[in-house]
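Examination of the molecular architecture
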Amino acid sequence: MTHRIADTFYDALEKLHPQEQKAVKQSAFDFQMDPSLPGFSMHRVDRARDPNFWTARVNRDIRMVIHKAKGDTLLAWVGHHDAAYRWAETRRIESHPRTGAVQIVEARETVEDVVIQRIVEEAVRLPRLFADETNDTLLSWGVPEDWLDTVRDATEDTVVDIALRLPSEAADAIMAAATGERPQPAPVVAAGEDPWAHPDALRRFRVVENVEELKAALDAPWEKWTVFLHPAQREFVERDFNGPARVIGSAGTGKTIVALHRAVRLAADPDARVLLTTFNRRLADLLRAKLPLVAGHEEQARIFVEDLGAVIHRLHAERFGGVEIVDEATLRRFLEEAAAEAGLAVDPDFLFDEWLLIVDAWDVADADAYRDLPRLGRKTRMAASRRDALWAVFAQVRARLAREGLVTEAGCAHALRQGDPMPFTHVIVDEAQDISVAELMLLGAMFGARPNGLFFAGDIGQRIFRAPFPWSAAGVDVRGRSRSLKVNYRTSHQIRKRSDTLLPETLVEADGAEENRLGVTSVFDGPVPTIRVYDTPESEREELEAWVDTLLHAGVEREEIAILVRSSDQMAALDAMNIHVMTMHDAKGAEFRAVAVPRLAHDVIPDESRLLTARDEAHLDEIMTTERHLLYVAATRARDFLWMSGVAPVSEFLSDLADRELERGR
Ligand SMILES: Nc1ncnc2c1ncn2[C@@H]1O[C@H](COP(=O)(O)OP(=O)(O)OP(=O)(O)O)[C@@H](O)[C@H]1O
């Protein structure tokens with residue numbers, strides 16, 4: 001007998017009160033031990049489309065919906081008595097006629113008339129998105145047979161409602177198709193293969209071997225990601241790569257979740273020592289907190305979670321003894337003094353950036369190398385004689401740092417690169433878009449040649465800290481082993497769609513590779529984001545407070561709301577609202593049910609003080625890009641509710657969004 005649990009059981013469990021959840025979990029454990037216990041008063045659901053649906057009693061009011069077939073059981077849904085019967089009466093569990101994947105299908109003829117009427121009326125009034133798609137195509141996407149005509153009636157306004165009633169692979173496909181992507185046909189179960197083992201069945205059903213496994217699976221029903229992965233996520237978790245590999249994807253597509261599961265999978269090998277890392281301590285803490293939800297004790301003992309800078313410092317100190325990291329002010333002083341000594345007239349900012357982004361980052365060894373170096377990441381051309389003069393300054397500074405026992409962050413990484421192997425077998429880097437050149441060179445040299453040695457998760461649209469550079473020049477080539485995730489689990493359709501407009505449809509990496517961001521879909525629906533422009537800070541504040549009050553009244557907890565600002569000096573003015581206020585930079589990696597991004601004035605984002613530091617067109621572009629990314633990061637921290645506002649004259653980014661809003665309204 002095989003026991004399974006469905007993701008719909010999770011969704012339903014999460015909606016119950018904590019006391020009810022407790023009772024349900026106990027009943028689920030008892031059921032796993034002995035489904036024949038009389039206390040369950042198992043009843044076959046009489047009017048069900050599917051004769052295999054039964055209900056099991058939890059208490060006077062709550063029923064679990066169980067699917068029993070060929071001796072196997074599935075925990076399918078749970079809820080109050082009438083709702084449980086209604087759910088079971090209107091569902092079927094069956095293998096899809098084309099793909100073979102087991103699906104939970106809402107019987108089309110049981111959907112309320114008003115819903116269907118709206119779909120039909122809209123289809124007469126507005127263009128039908130899939131009018132020309134054949135049954136054959138729709139079936140290849142996993143659309144259930146009785147939904148073919150309804151899908152063909154989908155319009156821009158009803159497609160989300162229809163998608164939400166379909167099995168997830170069909171929903172993903174039609175949402176992607178609605179945004180102009182051509183969905184791939186779903187995989188097909190070959191004759192004799194298990195339809196429950198189909199990749200799309202695995203994203204909604206999971207076998208539970210014993211009560212311990214069930215306990216672990218039900219411990220945090222809102223953490224569905226611990227159990228149910230999208231097939232594309234699963235592929236990245238399970239696949240073996242013979243070189244560095246990377247998962248990319250826009251915000252909320254579950255890249256961190258892939259990183260966590262992959263770390264656990266690699267740690268199943270008793271000889272593994274997996275470094276799960278990211279670029280700052282706060283993000284590493286978030287990863288560490290999530291790990292026990294997916295890793296057993298043994299795997300946890302083989303996974304080391306630490307931010308990359310800290311790992312490098314620690315190993316450097318262990319190998320070379322304690323050294324001091326030079327701070328920026330001292331470094332600038334050294335550079336300027338060396339230039340003055342050499343009688344070289346040079347812009348101090350240029351000198352510093354040349355050191356930071358070229359000489360130190362790429363570990364340029366000598367004058368020849370500096371002269372011949374392609375201008376990686378730098379757009380300024382320079383004559384050879386000028387380079388030689390500059391090199392003399394850099395060489396001086398290197399010598400002075402060594403004399404004074406100082407090192408740079410990059411210098412630590414370069415020193416480690418020349419030495420013994422690092423004490424890990426695999427490295428997984430989350431938020432890899434913000435990795436530094438020196439860090440990547442180190443990891444590439446140490447792990448790049450090992451099978452499964454290096455794995456990256458990141459989104460170039462969220463690069464907010466570091467300048468872009470071609471990874472292949474740093475010795476890490478992910479070409480052919482880099483793919484993107486397209487299903488957003490965090491943000492509603494409405495918030496994702498609006499945030500996406502902040503970035504171009506295609507992003508270009510430093511080495512010219514293009515990432516097309518079309519075709520991303522969300523798994524749920526929500527209110528349209530609020531985007532406002534005000535005349536005075538007072539009116540902005542007043543309405544923001546009213547928005548927060550409405551959320552609190554609607555049952556959103558205070559801790560689930562965050563206000564994000566561009567710079568820390570904007571925080572004090574909002575403190576009195578008694579809502580968590582943080583900078584956009586600090587919000588990286590976090591998520592909240594509701595997010596407000598106020599104070600988006602024209603000089604706030606893009607940050608005017610940063611723009612004033614721009615030396616040339618290329619630098620200006622880079623500042624604009626990272627500022628845009630930052631607002632994208634801020635907007636995509638929201639799950640259900642998003643507010644963005646400013647006092648006129650507002651940020652050009654906000655104007656872009658507001659204009660689209662007005663366009664939509666016409
Ligand atoms: N398979 C899944 N099932 C359910 N929820 C999921 C799944 N994968 C991810 N999630 C949820 O989606 C949200 C976003 O996931 P995650 O943080 O991994 O995304 P990300 O791509 O790393 O985002 P960002 O780029 O913004 O850092 C989280 O709340 C996570 O729990």
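Model, not experiment: these values are computed from the prediction.

A few words on the pairing of strand 22 (residues 561-565). Within strand 22, 5 of the 5 residues are buried, which leaves it mostly tucked inside the rest of the structure. Residues of strand 22 alternate between two faces, with Ile561, Ile563 and Val565 on one and Ala562 and Leu564 on the opposite face, all of them buried. Relative to strand 24 (residues 592-597), strand 22 runs parallel, the two sharing 3 bridges. Across the sheet, the residue bridging to Ile563 is Ala596, located in strand 24. The pairing of strand 22 with strand 23 (residues 580-583) spans 4 bridges and is classified as parallel. Counterpart to Val565 in the pairing with strand 23 is Thr583.

Those residues of helix 10 (residues 211-218) lying buried are Leu214, Ala217 and Leu218. The buried residues of helix 10 occupy one face: seen down the axis, they fall within an arc of 90 degrees. On the buried face of helix 10, the contacting elements are strand 1 (3-6), helix 2 (18-33) and strand 8 (205-207).

Structurally, Ala232 is set in helix 11 (residues 231-238). Taking the number of C-beta atoms within 10 Å as the measure of exposure, Ala232 has 21 and is therefore buried. Between the C-alpha atoms of Ala232 and Glu540, which are 308 residues apart in sequence, the distance is 42 Å.

Before going further, it helps to spend a moment on unusual backbone geometry. The phi torsion of most residues other than glycine is negative, and most of the peptide bonds are trans. Omega for the bond connecting Ile605 with Pro606 falls within 30 degrees of zero, at 0 degrees, which places this linkage in the cis form. Assignment of secondary structure puts Pro606 in the loop between strand 24 and helix 25 (608-611). You will see that Asp363, though not glycine, has its phi angle at about 55 degrees, which is positive. Mapped onto the elements of the fold, Asp363 is located in the loop between helix 17 (348-360) and helix 18 (367-372). Among the residues examined, Asp363 registers 18 C-beta atoms within 10 Å and is labelled partly exposed.

Within the UniProt annotation, "binding site: ATP" (unreviewed entry) is assigned to Gly249, Ser250, Ala251, Gly252, Thr253, Gly254, Lys255 and Thr256. As for its position among the elements, Gly252 is in the loop between strand 9 (245-248) and helix 12 (255-266). Residue Gly252 is classed as buried on the basis of its C-beta count, with 25 C-beta atoms lying within 10 Å. In this view, Gly252 contacts Asn488, Tyr489, Arg490, Thr491 and Thr636; residues no more than four positions away in its chain are not counted.

Attention now moves to the site of the ligand. In the vicinity of the ligand, 21 residues are found, and the nearest of them are Trp225, Ala251, Gly254, Thr256 and Tyr489. Grouping the amino acids of the shell around the ligand by side-chain chemistry returns 6 nonpolar, 10 polar and 5 charged. Counting only domains with at least three residues in the shell around the ligand, you end up with domain 1 (229-316 + 420-486) and domain 3 (521-665).

A few words on the nonpolar core. Ala263, Val274 and Leu276 are the most contacted members of the largest nonpolar core, which totals 75 residues. Looking at this core, you find at least three residues from each of domain 1 (229-316 + 420-486) and domain 2 (331-407). Aside from chain neighbours lying at most four places away, what touches Ala263 is Val274, Leu276, Ile303 and Ile428. Grouped together as the second largest cluster of nonpolar side chains are 63 residues, Phe31, Val78, Val105 and Leu129 included.

Time to look at the packing of helix 16 (residues 328-341) against helix 17. Helix 17 packs onto helix 16 with a crossing angle of 115 degrees between their chain directions and a minimal axis gap of 10 Å. Looking at the two axes, helix 16 sits roughly perpendicular to helix 17. Judged by the sense of rotation from one axis to the other, the crossing of helix 16 with helix 17 is right-handed. On helix 17, the residues that touch Arg332, Leu335, Glu336 and Ala339 of helix 16 are Pro348, Leu351, Phe352 and Trp355. Its residues placed into classes, the contact of helix 16 with helix 17 shows 6 nonpolar, no polar and 2 charged.

Partitioning the protein chain into structural domains gives domain 1 (229-316 + 420-486), domain 2 (331-407) and domain 3 (521-665). Centre-to-centre, using C-alpha coordinates, domain 1 lies 29 Å away from domain 3. With 11 residues of domain 1 at the interface, the matching set in domain 3 holds 11 residues. Across the side of domain 1 that touches domain 3, the residue classes tally to 5 nonpolar, 3 polar and 3 charged.

This next bit is on the environment of Asp535. Inspection of the secondary structure assignment puts Asp535 in the loop between strand 21 (530-534) and helix 23 (537-553). Separated by 115 residues in sequence, Asp535 and Val650 have C-alpha atoms that sit 9.9 Å apart. Setting aside residues up to four positions removed in sequence, Asp535 forms contacts with Val647 and Ala648.

Moving on, we get to the sheet that holds strand 23. Reading across the sheet, the 5 strands line up as 21-25-24-22-23 and stay open at both edges, with parallel pairing between neighbours. The open sheet is flanked by strand 21 and strand 23, the only strands paired with a single partner. In this sheet, adjacent strand axes meet at a mean angle of 20 degrees when their direction is disregarded. Where strand 21 and strand 25 (residues 638-647) come together, 5 bridges link them in parallel fashion. Looking at the pairing, Arg532 lines up with Ser645 of strand 25. Lying on the sheet, helix 26 (residues 617-635) is in contact with strand 22, strand 24 and strand 25; it crosses strand 25 at an angle near 135 degrees.

So, on to the sheet that holds strand 2 (residues 43-44). Reading across from one edge, 2-3-4-5-1-8 is the order of the 6 strands in this open sheet, with mixed pairing throughout. Here the strands that pair on one side only, and so sit at the sheet edges, are strand 2 and strand 8. The pairing of strand 3 (residues 53-57) with strand 4 (residues 62-69) spans 5 bridges and is antiparallel. What sits directly across from Phe53, in strand 4, is His67. Lying on the sheet, helix 1 (residues 7-14) is in contact with strand 1 and strand 5 (72-80); it crosses strand 5 at an angle near 25 degrees.

Definitions and cut-offs
- Here the residue numbers are simple positions, counted from 1 along each chain's written sequence.
- This being a predicted model, a pLDDT of at least 70 is required before a residue's local features are given, and a value of 80 or more before pairs of side-chain atoms are given or counted; all residues contribute to the totals for chains, interfaces and linings.
- The burial criterion counts other C-beta atoms lying within 10 Å of a residue's C-beta, which is placed from the backbone; the residue is buried at 20 or more, exposed at 12 or fewer, and partly exposed between these limits.
- Numbering of helices and strands runs from the N terminus; a helix is a DSSP stretch of H or I covering at least four residues, while a strand is a stretch of E covering at least two.
- Strand pairing is assigned whenever DSSP detects at least two bridges linking the two strands.
- Note: the arc covers the axis-to-C-beta directions of the helix.
- Contact criterion: two residues are in contact if their C-beta atoms, reconstructed from the backbone, are within 7 Å.
- UniProt positions are given in the numbering used here, feature names are shortened, and annotations may be inferred rather than shown by experiment.
- The rule is simple: place the C-beta atom from the backbone, and if it lies within 6 Å of a molecule or strand, the residue is near it.
- Basically, the charged four are Asp, Glu, Lys and Arg, the nonpolar ten are Ala, Val, Leu, Ile, Met, Phe, Trp, Tyr, Cys and Pro, and anything else, Gly included, counts as polar.
- Domain start and end points were adopted from an automatic or database domain assignment.
- Only buried residues count toward a nonpolar core: Ala, Val, Leu, Ile, Met, Phe, Trp, Tyr and Cys, linked into one set through C-beta atoms within 7 Å.
- Only the contacting stretch of a helix is used when fitting its axis, a line to C-alpha atoms as for every element, and angles between N-to-C directions run 0 to 180 degrees.
- Every angle not falling under 35 degrees, over 145, or within 65 to 115 is termed oblique; those three ranges are roughly parallel, roughly antiparallel and roughly perpendicular.
- The handedness criterion is simple: a crossing whose near helix is rotated anticlockwise from the far helix by less than a right angle is left-handed, and one whose near helix is rotated clockwise is right-handed.

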